[in-house]
Amino acid sequence: MLKVAEWRDIEGRSAGAGTASRRAFGGKTVYGARVGILVLDSPYPRIPGDSGNAFTWPFPVLYKVVRGATASRVVGGRGEGLLGAFLDGATELVEMGADGITTTCGFLSLYQAELAAHCGVPVAASSLMQVSAVACLLPPGKTVGVITVSASDLSAEHLIAAGASVDTPVVGADGWPFLEEPKDALAAVDIAHCEDLVLNAGRELVGRHPEVGAVVLECTRMVPFAAALRAEIGLPIYDIYSFVSWFHAGLAPRDFGHPGSAPGDWRER
Amino acid sequence: MDKATTEEINLEEQARSSRIAYGGKTIYGARIGLLMLDTDFPRIPGDLGNAETWPFPLLYKVIRGATPKSVNTDREGWILDAFIEAGKEMVAEGADGLTTSCGFLSLYQADLAAACGVPVAASSLMQVPFVERLLPPGKRAGILTMSTTIMQPDHLESVGIAPDTPVEGCQDGQEFHLVPRRGDQFMDVGLCEQDVLEAGEALVRRHPEVGAVVMECTNMPPFARALSEYIAMPVFTIYSFLTWFHAGLAPRDFGHPGSAPRPWRER
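Residues numbered from 1 in each chain as written. Chains lettered and ligands numbered in written order. Predicted model: local features only at pLDDT ≥ 70, side-chain atom pairs only at ≥ 80, totals over all residues. Heavy atoms only, no water.

Draft legend 1. View of the overall build of chain B. When you go through chain B residue by residue, the secondary structure sums to 10 helices and 8 strands. Its C-alpha atoms give chain B principal-axis dimensions of about 85 × 45 × 35 Å. In chain B, which comprises 267 residues, the share counted as buried stands at 58%. Of the contacts formed within chain B by residues at least 6 apart in sequence, a portion of 69% connects residues at least 24 apart. Taken as two groups, the 23 positive and 35 negative side-chain charges of chain B have centres that lie 5 Å from each other. (Helix = DSSP H or I, 4+ residues; strand = E, 2+ residues; numbered from the N terminus. Buried < 20%, exposed > 50% of the residue type's maximum accessible area, 1.4 Å probe, protein only. Contact = heavy atoms within 4.5 Å. Lys, Arg positive; Asp, Glu negative; His and termini not counted. Charge placed at Lys NZ, Arg CZ, Asp CG, Glu CD.)

As structure tokens, this is what we get:
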């Protein structure tokens, strides 16, 4: 019978599981925050549920604001001229301690491949990447629908980059205030109005496309309205919250304690 | 006394209507129905069949006679219909989505979804293409299964997984793969962990293109954390899959200001 202590090293490390070892290994600067979030440069409030509000997450995250990456430059402007800043931001987050990268904008599916190739960790750039996963859950004849901040800007290229079918029904929450310049420094937003925009878009989506069996919300600011939308249209609603929570669950699998786990070498990298 | 303003009347109206509750189910709060094989080996915290594993309630139904052997080795024909019947029962009770207790039941995904009319997340294997999408070009998701002798091409085909996906099994281990068929109600968890870690190590040594692991077996999540640290890569399991599944069925309410009282319903 092979004893734990006889296991071979993986690149210099030995299997510490169940050895009662109290050795701890380094390699990062900040620990415990496994997901790094690249944040758009926006003056608007981020309420609980928004991916840029730290209280949203049931686990710690690291944030890096990409200065100059405004919503209008990323959405309408397709992020032109900003790729380098996003790559640098991702590298910084990984060096600090992030084991996975995501962003606060669904349109950044366009950067998924470059980010993944550049920063050496898994990347979950956009909520849209869930579309084909959700489609697999549904009965035959049912499809996934998307609600976005701007249907006119959400192109086939964005969908393809996210692995989503170009035939995906898409409806926009027209008049989404976060895309516009704020009226003043207070940057106030009527959240009830935003909820109405999302609910209206949902009603339009299922009205025009009765084959829709589940919805994916493209925008990371739509998460607070997912529960109300679910109650309104009676369909499952996936968003950046469900996506990054799943992402984190793979990066840092839950420790279920005794008897499944026993003390051993401690490491995050 | 001043007359109530229009705004006050509207708010009062809204408050009254927001405290209306709608029915349609018998049991509430448990959104996922778990169709379980007929087993009696220990299910420790982390195993999908231990209710303490989940941060939310589930409905459970055991399909009597559907043992691991009858399902996976003998592939007895009556079992799918029994799963469908049980699935429909749980949907009528209150489940908004269904899953199963065996990763090999990817085979049932399409039929269960078609017959029961709700979203179905039959097998952890379904995560494979989506895990791969997170990785740099050239990196693959690798599958860790209970046994590569039980796993057949149709297990992967049935849920759209590429046939050349790297796979490794625990069938050369000492304990883990024997537990479901041994018939005694005992498990050496330390030995199971060893088996899973050795198989995981073999997976990444034989397939250096693997950048993340998907565990097929619903008994494996207790060992996911140790494996992830040992091989230094992400490990996805039925736990990550069903917590994601549930998040869409029952989106979290983040409170004020994002949400305000509204009529209550689950169906």
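Draft legend 2. Summary view of the pairing of strand S3 (residues 97–100) of chain B. Residue and element names in this part refer to chain B. The alternating pattern of S3 places Gly97 and Thr99 on one face and Leu98 and Thr100 on the opposite face, and all of these are buried. Judged from the 4 bridges that link them, strand S1 (residues 32–36) and S3 form a sheet pairing that is parallel. Looking across to S3, one finds that Ile32 is bridged to Gly97. With 2 bridges joining them, S3 and strand S4 (residues 120–121) adopt parallel strand pairing. Paired with Thr99 across the bridge in S4 is Ala121. (Pairing = 2+ DSSP bridges.)

Draft legend 3. Just the pattern of salt bridges, in detail. According to the stated counting rule, one finds 32 salt bridges over all chains in the structure shown. Its salt-bridge partner being Arg230 of chain A, residue Asp96 of chain B comes within 3.8 Å of it at the nearest N-O pair. Remark: Arg230 of chain A occurs in helix H7 (residues 226–233) and Asp96 of chain B occurs in the loop between helix H3 (78–93) and S3; the pair is interchain, linking two chains. Considered together, Asp96 of chain B and Arg230 of chain A belong to a single accessibility category, that of buried residues. When salt bridges that share partners are traced, they join Arg230 of chain A together with Lys25, Arg31, Asp96, Glu266 and Arg267 of chain B into one network. (Salt bridge = Lys/Arg side-chain N within 4 Å of Asp/Glu carboxyl O.)

Draft legend 4. Here's a closer look at the interface of chain A and chain B. Facing 71 residues of chain A, the contacting portion of chain B comprises 68 residues. Summed over both partners, the interface of chain A with chain B buries about 5,600 Å², with 65% contributed by carbon and sulfur atoms. Taken as a group, Leu137, Trp246 and Phe256 of chain A account for 15% of the area that chain A buries against chain B, more than any other trio of residues on that side. Linking chain A with chain B are 1 salt bridge, by the criterion used here. Those elements giving two or more residues to the side of chain A that touches chain B turn out to be helix H3 (112–119), strand S4 (123–124), helix H4 (131–135), helix H6 (191–208), H7, strand S8 (237–238) and helix H8 (240–251) of chain A. Each residue belonging to the side of chain A that touches chain B can be placed in one class, and the counts come to 47 nonpolar, 13 polar and 11 charged. (Buried area = accessible area lost by both parts, 1.4 Å probe. Nonpolar A, V, L, I, M, F, W, Y, C, P; charged D, E, K, R; others polar.)

Draft legend 5. Examining the sheet that holds S4 of chain A more closely. Residues and elements named next belong to chain A. Strand order in this open sheet of 4 strands is S2-S1-S3-S4, and the pairing throughout is parallel. One side of each edge strand has no neighbouring strand; the edge strands of this open sheet are strand S2 (61–65) and S4. Relative to S4, strand S3 (residues 100–103) is paired through 2 bridges, and the arrangement is parallel. By the bridge assignment, Ile101 is partnered in S4 with Val123. Set on the sheet, H8 makes contact with strand S1 (35–39), S3 and S4; between it and S3 the angle comes to about 175°. (Axes fitted to C-alpha atoms, helices over the stretch in contact; angles between N-to-C directions.)

Draft legend 6. Examining the packing of aromatic side chains more closely. Per the counting criterion, the structure on display carries 17 aromatic pairs over all chains. Members of the aromatic cluster, each reached through a chain of ring pairs, are Trp57, Phe59 and Tyr241 of chain A together with Phe254 of chain B. Here Arg267 of chain A stacks its cationic end above the ring of Phe25 of chain A, 4.0 Å away from the centre of that ring. Across the ring face of Tyr22 of chain B, the terminal group of Arg265 of chain B is positioned such that the distance to the ring centre comes to 4.1 Å. (Phe/Tyr/Trp six-rings, centres within 6.5 Å; stacked < 30°, edge-to-face > 60°. Lys NZ or Arg CZ within 6 Å of the ring centre and 35° of its normal.)

Draft legend 7. Region of interest: the sheet that holds strand S5 (residues 143–148) of chain A. As summarised here, the arrangement of the 4 strands in space is S6-S5-S7-S8 (chain A), forming an open sheet in which the pairing is parallel. The open sheet has two free edges, formed respectively by strand S6 (170–172) and S8 of chain A, since each of these has just one partner strand.

Draft legend 8. Spatial organisation of the domain arrangement of chain B. Residue and element names in this part refer to chain B. Per the domain assignment, the segments making up chain B are domain 1 (32–123 + 245–249) and domain 2 (124–237). A separation of 20 Å is found between the C-alpha centroids of domain 1 and domain 2. Tallying the contact residues gives 24 residues for domain 1 and 25 residues for domain 2. Summed over both sides, the interface of domain 1 with domain 2 buries roughly 1,900 Å², with 62% coming from carbon and sulfur. Considering only the side of domain 1, the residues that lose the most area to domain 2 are Phe41, Phe104 and Ser123, jointly responsible for 31% of the buried surface there. Summed over the shared surface of domain 1 and domain 2, the result is 1 salt bridge. A salt bridge links Arg75 to Asp154; its shortest N-O distance comes to 2.7 Å. (Domains from an automatic or database assignment.)

Draft legend 9. Representation of unusual backbone geometry in the model. Residue Pro259 of chain A follows His258 of chain A across a cis peptide bond; omega there is 0°. The residue after His256 of chain B, namely Pro257 of chain B, is reached through a cis peptide bond having omega 0°. Note on placement: Pro257 of chain B falls in the segment after helix H10 (238–249). Of note in the backbone geometry, Arg78 of chain A takes a positive phi value of approximately 55° without being a glycine. For Arg78 of chain A, a relative accessible area of 33% translates into the label partly exposed.

Draft legend 10. Spatial organisation of empty space enclosed by the protein. Within this structure, the stated rule accounts for 6 cavities of 30 Å³ or more. Computed from the structure, the largest cavity encloses a volume of approximately 160 Å³. What lines the largest cavity is a set of 16 residues, among which Leu40, Ala71, Thr104, Cys219 and Arg221 of chain A lie closest to the centre. When the residues that make up the lining of the largest cavity are grouped by side-chain class, the tally is 10 nonpolar, 3 polar and 3 charged. Size it by volume and the second largest cavity reaches roughly 130 Å³. Ala133, Phe243 and Trp246 of chain A together with Phe130 and Trp244 of chain B are the residues nearest the centre of the second largest cavity, which is lined by 14 residues in total. Of all the secondary-structure elements, those providing two or more residues to the lining of the second largest cavity are H8 of chain A together with helix H5 (128–134) and H10 of chain B. When grouped by side-chain class, the residues that make up the lining of the second largest cavity number 11 nonpolar, 2 polar and 1 charged. (1 Å grid on protein atoms, 1.4 Å probe; cavity = no way out; pocket = protein on both sides within 12 Å on 5 of 7 lines; lining within 4 Å. Points joined across faces, edges and corners; volume = space filled by probe spheres on them.)

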